[in-house]
Each structure stands twice: as structure tokens, then as C-alpha cells.
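# Coordinate inspection notes
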Amino acid sequence: MKYIETITNTDRFCLHDSTVSKMEFIDHNLELTFSEGFWETNEVGKLIRQRKHCKMIIKFLITEDEELNLFIFKETAKRRKEIDFAAFSDLIHKNGFRIYREFRCGFSQQLILEGNTDKGNYSIMTQEVDEIIYQCEDGD
């Protein structure tokens, strides 16, 4: 199944309590692979089921440089520190990134994912998002 949204569409999927196992840039798109899948919701936002073998692809309006579209921060109680994409991608591959909050901002075309690994709390902020493509296997 493939489902395409804009940043302002009503969410058909929920990333809360989903774990990202891989994050990479492919053809100027950010691809997130989920080890346990993400959640499908109904019209009122109630969780229906967890999908399997899932990937989320974020397509950007600006395609020249990943630095224009993505910021990753390590969050602590006292500070917020930007970290390198490659280092965070390696951390995700080793430890996973469990999402506990997602936020969409339509007027600024942003998607923010907050979560944690066993190394701490992190946030991924994308900007200039054009489309979000959800891919998962059909069936339960």
C-alpha cells in the first residue's frame, strides 16, 4: 500500500510508539524505515492497527542540499545541541529511534519528530516538506 499526503492533510497514519531502524537520504528525499511498522488510524484519529514492513519518504520542495531541509538535535534538560546527520543515522541503525511525538506545521511546511534512543532524547526537524509518502505491506 502506498499513501501520499501533504503536510496539511489529515493524518491517516500515526508514528507515536513507532521505531525507526534506518534513516537515509536517497535522491534528495529523506527515507525512514520502521522496524515494527507505524499505526494506521481511522477518520477521527483512533488507532486501528499497526502496519508491518513500513517506510516513510519525505519529499522536499527544495532539493539542492540536505542541510536546507533537515536539522537533528540532541535534547537535554538544559540545552539543545545540533548533531550530524551521518552520526545520528549510525545511532539509529545501532539503537533505533522510538518516536513519542510528531508535529506538523502547515504554514511553514515543517514536520518535527521527537523521540529517544538508549543514548538520549532527540528531535528531527524537517522543513520545506512537499509530500509525505507512507508505504507498507497490505494486509494485517
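Each remark here, short or long, concerns the structure printed above.
Report follows, based on the coordinates. (Residues numbered from 1 in each chain as written. Predicted model: local features only at pLDDT ≥ 70, side-chain atom pairs only at ≥ 80, totals over all residues. Heavy atoms only, no water.)

## Re the overall build of the protein chain
How we decide: The helix and strand labels rest on DSSP assignments: H or I over at least four residues marks a helix, E over at least two residues marks a strand, and numbering proceeds from the N terminus. With the radius of gyration taken over C-alpha atoms, the globule rule is written as 2.2 Å times the number of residues to the power 0.38. Think of it in three bands: with a 1.4 Å probe and only protein chains considered, a residue is buried below 20% of the maximum accessible area for its type, exposed above 50%, and partly exposed in between. Every accessible area reported is derived by Shrake-Rupley at a probe size of 1.4 Å, with residue values counting cover from the shown protein chains alone. Within this scheme the basic residues Lys and Arg register as positive and the acidic residues Asp and Glu register as negative, but His and the chain ends are omitted. For charged residues, the charge sits on one atom: NZ in Lys, CZ in Arg, CG in Asp, CD in Glu.
Across its full length, the protein chain carries 1 helix and 13 strands. When its helices and strands are written in sequence order, the protein chain yields β-β-β-β-β-β-β-β-β-α-β-β-β-β. The C-alpha atoms of the protein chain give a radius of gyration of 14 Å, which matches the 14 Å a tight globule of 140 residues would have. In terms of its C-alpha atoms, the protein chain occupies a principal-axis envelope of roughly 40 × 30 × 25 Å. Looking at the protein chain as a whole, 39% of its 140 residues qualify as buried. About 7,800 Å² of surface is accessible on the protein chain, with carbon and sulfur atoms providing 47% of the total. Separation between the mean location of the 19 positive side-chain charges and that of the 26 negative ones in the protein chain comes to 7 Å.

## Re the nonpolar core
As a reminder, the rule being used: By convention a nonpolar core is built from buried Ala, Val, Leu, Ile, Met, Phe, Trp, Tyr and Cys residues, the set being connected through side-chain atoms within 4.5 Å. Working rule for contacts: check all heavy atoms of both residues, and any pair within 4.5 Å makes them a contact.
The biggest cluster of nonpolar side chains holds 29 residues, and the ones touching the most others in it are M23, F34, M56 and F88. Ignoring any residue separated from it by four or fewer positions in sequence, one finds M56 in contact with L15, L30, E31, L32, F34, L111, L113, I132, I133 and Y134.

## Considerations on unusual backbone geometry
Among all residues save glycine, negative phi is the norm, and among peptide bonds the norm is trans. Despite not being glycine, H53 shows a phi value in the positive range, around 50°. Its place among the elements puts H53 in the loop between β6 (47-50) and β7 (54-60). On the basis of relative accessibility, which here comes to 62%, the residue H53 falls in the exposed class. We note that E128 has phi near 60°; this positive angle belongs to a residue other than glycine. Within the secondary structure layout, E128 lies in the loop between β12 (120-126) and β13 (129-135). For E128, a relative accessible area of 28% translates into the label partly exposed.

## So, the sheet that holds β6
Across a sheet, strands are paired by hydrogen bonds formed along the backbone, either parallel or antiparallel in direction. To keep it simple, the criterion reads: Strand pairing follows a simple DSSP-based rule, namely that at least 2 bridges must link the two strands.
Reading across from one edge, β2-β5-β6 is the order of the 3 strands in this open sheet, with antiparallel pairing throughout. A strand with exactly one partner marks an edge of an open sheet, and here the two such strands are β2 (13-14) and β6. Where β2 meets strand β5 (residues 39-41), 2 bridges bridge the pair, whose relative direction is antiparallel. Within β5, the residue paired with C14 across the bridge is W39.

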